[in-house]
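Chain by chain, the residues run as shown.
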Amino acid sequence: MRLRGFKGFTYGDWLLLCFCLGLGAGMALALMFGDYGVQEGMLWAGAAGELGREAKRRAFLELLRQRAAGCMAGWVAGLTVCSKFLFGLLTFHGGMSMAAVLTGFTVRRGLLGFPLFLGALLPQGILYGAAWGIMAGWAGQREKRVHFFPALFLLGITAVGAFLEMWILLLRSR
């Protein structure tokens, strides 16, 4: 799939460019403004084991809401006329978020930050990545179709990823 006006520049190249630009922007913003937001998230993660049952449930529902909103944004972006551009923006946002967290881990832990980042990303990152890859494929299609039942399946995969993310966070905070 080639993008119009750019000879040899494919949709995959566009997504890779957006992701790399997002990585650079996320790292620059985290270093420029400090990793306050990342630190706040890490402090919450450290205190997650001390939360009561109701607070853990509310935290999980908030995480699930955020991940489901991201999944639905990708699905809706794939249905629009400018789906490739919008999915590039979502990819940019994902790269920015990942870079901010990686920068926070690296600032706090040095060279140990990268393995810690990978540990925080897996296994739910595999599920999120699979859902993103499928939605990116839908966004790159010429014909726009409403993939309703497959989108519900991807939403279910995202919910399982959110469950794993919260479970691992609570397991690590003990």
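Residues numbered from 1 in each chain as written. Predicted model: local features only at pLDDT ≥ 70, side-chain atom pairs only at ≥ 80, totals over all residues. Heavy atoms only, no water.

Turning next to the overall build of the chain. Per the secondary structure count, the chain includes 7 helices and 0 strands. Along the chain, helices (α) and strands (β) appear in the sequence α-α-α-α-α-α-α when read from the amino end. When each of the 174 residues of the chain is scored for burial, the buried share is 30%. The contacts of the chain with a sequence gap of at least 6 include a subset with a gap of at least 24, amounting to 75%. Surface summary for the chain: the accessible area is close to 10,800 Å², and the carbon and sulfur share equals 72%. (Helix = DSSP H or I, 4+ residues; strand = E, 2+ residues; numbered from the N terminus. Buried < 20%, exposed > 50% of the residue type's maximum accessible area, 1.4 Å probe, protein only. Contact = heavy atoms within 4.5 Å. Areas by Shrake-Rupley, 256 points an atom, 1.4 Å probe, with all protein chains shown as cover.)

On to the packing of helix α4 (residues 83-109) against helix α5 (residues 113-121). One can describe the packing of α4 onto α5 by two numbers: an axis separation of 8 Å at closest approach and a directional angle of 135°. With respect to α5, the element α4 is oriented oblique. Of the two elements, α4 crosses α5, and the hand of that crossing is right-handed. Counting all contacts with α4, which are made through M98, V101, L102, F105, T106 and R109, the residues of α5 involved are G113, F114, L116, F117, A120 and L121. For the contact of α4 with α5, the class distribution of residues is 9 nonpolar, 2 polar and 1 charged. (Axes fitted to C-alpha atoms, helices over the stretch in contact; angles between N-to-C directions. Parallel < 35°, antiparallel > 145°, perpendicular 65-115°, else oblique. Left-handed = near helix turned anticlockwise from the far one by under 90°. Nonpolar A, V, L, I, M, F, W, Y, C, P; charged D, E, K, R; others polar.)

Here we take up the nonpolar core. In terms of nonpolar packing, the biggest core is built from 16 residues, with Y11, L15, F87, M135, W138 and L154 touching the most fellow members. Those elements that place two or more of their residues in this core are α1 (11-33), α3 (53-77), α6 (124-140) and α7 (148-172). Of the residues forming this core, the biggest block, 5 residues, is contributed by α6. L63, A162, M166 and L170 belong to the second largest nonpolar core, which has 5 residues in total. (Core = buried A, V, L, I, M, F, W, Y, C linked by side-chain atoms within 4.5 Å.)

A few words on the UniProt feature "transmembrane region" (unreviewed entry) in the chain. Per the UniProt record, the feature "transmembrane region" (unreviewed entry) sits at residues 12-34, 85-107, 114-135 and 147-171. Strand forms 0% of residues 85-107 and helix 100%; the C-alpha atoms that close the span are 33 Å apart. Here residues 114-135 is 91% helix and 0% strand, with 27 Å between the C-alpha atoms at its ends. (UniProt positions renumbered as here; feature names shortened; annotations may be inferred.)

This part takes up the side chain of T91. Note on placement: T91 falls in helix α4. The buried category is assigned to T91, whose relative accessible area is 5%.

There is a patch of nonpolar side chains on the surface, built from F114, L118, L122 and I126 and spanning about 370 Å² of accessible area. Within the secondary structure layout, I126 lies in helix α6. (Patch = residues over 30% accessible without salt bridge, like charges linked within 9 Å, V, L, I, M, F, W, Y side chains within 5 Å. Salt bridge = Lys/Arg side-chain N within 4 Å of Asp/Glu carboxyl O.)

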